Amino acid sequence: MKIKVATDFAAAPGPRAIVEGKNSGELFRTEVLFPKIVQALNTNDKLEVDLDGTAGYGTSFLEESFGGLIRENGLNLTQIRSVLKLISRDEPDLLDEISEYMTEAQEEASRK
Amino acid sequence: MNCRNLTFFVLAILASYGLLLVTLVLFLGIFDPAFTLGNLIQAASTLGAGLLVAKYVQKENQIQFNQKQLLVSQLQVMSEKLIEFHGFKSGGPLVEIAAALKQLAMRAGAISAAADELGFNASIKNRISFTEELSELRRIATQTESLKKMEAVVDECPAVVRDGILVLASERASQLESHLEKMQIKVFKAQIAVNAS
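Residues numbered from 1 in each chain as written. Chains lettered and ligands numbered in written order. Predicted model: local features only at pLDDT ≥ 70, side-chain atom pairs only at ≥ 80, totals over all residues. Heavy atoms only, no water.

Asker: Mind showing me how you'd approach the nonpolar core here?
Answerer: Nonpolar side chains in soluble globular proteins tend to be buried together. With 35 residues, the main nonpolar core has Phe85 and Leu137 of chain B as its most contacted residues. Elements supplying a minimum of two residues to this core: α2 (37–85), α3 (94–117), α5 (131–142), β2 (159–162), β3 (165–168) and α7 (170–196) of chain B. A per-element tally of this core places α3 of chain B first, with nine residues. With sequence-adjacent residues up to four places away left out, Leu137 of chain B is seen in contact with Phe85, Leu101, Leu104, Leu176, His179, Leu180 and Met183 of chain B. Val5, Leu51, Leu86 and Tyr101 of chain A belong to the second largest nonpolar core, which has 29 residues in total. (Core = buried A, V, L, I, M, F, W, Y, C linked by side-chain atoms within 4.5 Å. Buried < 20%, exposed > 50% of the residue type's maximum accessible area, 1.4 Å probe, protein only. Helix = DSSP H or I, 4+ residues; strand = E, 2+ residues; numbered from the N terminus. Contact = heavy atoms within 4.5 Å.)

Written out as structure tokens, the structure is:
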């Protein structure tokens, strides 16, 4: 399974929350990412998320999309890592940043 | 004086020595009955070899100089993009800010890749790496509170977005300006380091 953000969601990703503007991370997570992750988990498939080809990403969009899977959707980091493969040739450093957001969200969830 | 310059210096001396030898041989040859063609060939060979190697080293120096110039000019572009980013010091359309961040990240990536390909040493590569600074810039320039925190402390948010327009509170704006300044200084120092290498 594959999601290409630029074509399957938006060429210009926006803010964190739906109320903040269009193409938000919250919308991407709820409408695109989370359903596909659940599908991948159920079918033992891999989900490739290609981040290239967009105008660029803000921290909050990425944090809400990927950290939100743990914080808002109740998944855990191990589950996500078992199915998710991120691609970013344009900005390879984004991969570490996203990994950090998910780790922080997991740590926060574990403390509660 | 670095190793390459020292080599060039030694070879220049050798070439000068060869030239002197040819002159002496020709001069003495007029008066010395023992002067042979072999003496002349030997002297000319020394001169020729010295000149050839000196020419080669000079060419290598020119290539290295051009490579440094290339890297310095790319760093200059990065510096100009950082100056442009100051336009977002109080916020702006989030999509435009994210696009500017992407351009900076891609430029930084291209600079690092060029340094790798051109064989610059680890110290230079370290000086021209902006991974941490760009990650921090992205955070300062675009991070807003999570959905739950947003509901709780909306009046104290350091950054808010309305209709896709980001507004930074004065504290965050100062933080952004200070970080941009820090990055520009790093770019400047990197340019100096590349030139001095």
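Asker: Could you clarify how one ought to interpret the sheet that holds strand β1 (residues 2–4) of chain A in this entry?
Answerer: Hydrogen bonding along the main chain pairs the strands of a sheet, whether they run parallel or antiparallel. Residues and elements named next belong to chain A. Here three strands make up an open sheet; going across it, the order is β1-β2-β3 and the pairing parallel. Unpaired on one side and paired on the other, β1 and β3 (84–87) mark the two borders of the sheet. Across the sheet, the mean angle from the axis of one strand to that of its neighbour is 15 degrees, orientation sign disregarded. Where β1 and strand β2 (residues 47–50) come together, three bridges link them in parallel fashion. (Pairing = 2+ DSSP bridges. Axes fitted to C-alpha atoms, helices over the stretch in contact; angles between N-to-C directions.)

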